[in-house]
Amino acid sequence: MAEHQQVKGSRVVKVDSEKSWDFFISQATNQGCPVVVHFTASWCIPSVAMAAFFEELALNYPDMLFLVVDVDEVKEVASKMEIKAMPSFVLMKEGAQVDKVVGANPDEIKRRTEAFVTSFRSQYKMT
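This section reports on the structure supplied with the text. This structure is a prediction, so every number in the text was calculated from the model and none was measured.

### Side note on the overall build of the protein chain
Part 1: Each helix and strand in the protein chain was counted, giving 4 helices and 6 strands.
Part 2: Sequence-ordered secondary structure for the protein chain, helices as α and strands as β, is β-β-α-β-α-β-α-β-β-α.
Part 3: Across the 127 residues in the protein chain, those meeting the buried criterion constitute 43%.
Part 4: Of the contacts made within the protein chain by residues no fewer than 6 positions apart, 62% connect residues no fewer than 24 positions apart.
Part 5: Approximately 6,900 Å² of the protein chain is accessible, and the part contributed by carbon and sulfur atoms is 54%.

Next comes the structure, spelled out in structure tokens:
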């Protein structure tokens, strides 16, 4: 699929179209995989600054899918997800948003991601 890019050695996948967004969300839903999305913009300094943090976060959670969406390149997805400010970080399960953090707050993003993954893992261990 030509509509997405993954930097070599990175666990973060760049979404380049609405079609690739639908593909990744569908695949994650089918596989029961939680998703963390970084909505960014090249002109937004806090968004750009959070890229390295997001890459590091992805390395800590190999059982989750990490996506990055540039709101100017994929406006349809930003609109569908009601993204109004950057950076925004959205946690998704089964194709639906379960949490959102707006702003460059690494500690809060890390805390919410940990809580999200803990609840996700415990839910699936009980079955």
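So much for the structure itself; the text now carries on.
### So, the nonpolar core
Part 1: Counting 24 residues, the largest nonpolar core has Trp21, Val37, Phe39 and Leu67 as the members making the most contacts within it.
Part 2: Broken down by secondary-structure element, the contributors of at least two residues to this core are β2 (12-15), α1 (18-31), β3 (35-40), β4 (65-70), α3 (75-80) and β5 (88-93).
Part 3: Per-element tally for this core: the top contributor is α1, with 4 residues.
Part 4: Counting residues in hydrophobic clusters, the runner-up holds 17 residues, among them Val12, Met50, Val101 and Ile109.

Rules behind the numbers
Residues numbered from 1 in each chain as written. Predicted model: local features only at pLDDT ≥ 70, side-chain atom pairs only at ≥ 80, totals over all residues. Heavy atoms only, no water. Helix = DSSP H or I, 4+ residues; strand = E, 2+ residues; numbered from the N terminus. Buried < 20%, exposed > 50% of the residue type's maximum accessible area, 1.4 Å probe, protein only. Contact = heavy atoms within 4.5 Å. Areas by Shrake-Rupley, 256 points an atom, 1.4 Å probe, with all protein chains shown as cover. Core = buried A, V, L, I, M, F, W, Y, C linked by side-chain atoms within 4.5 Å.

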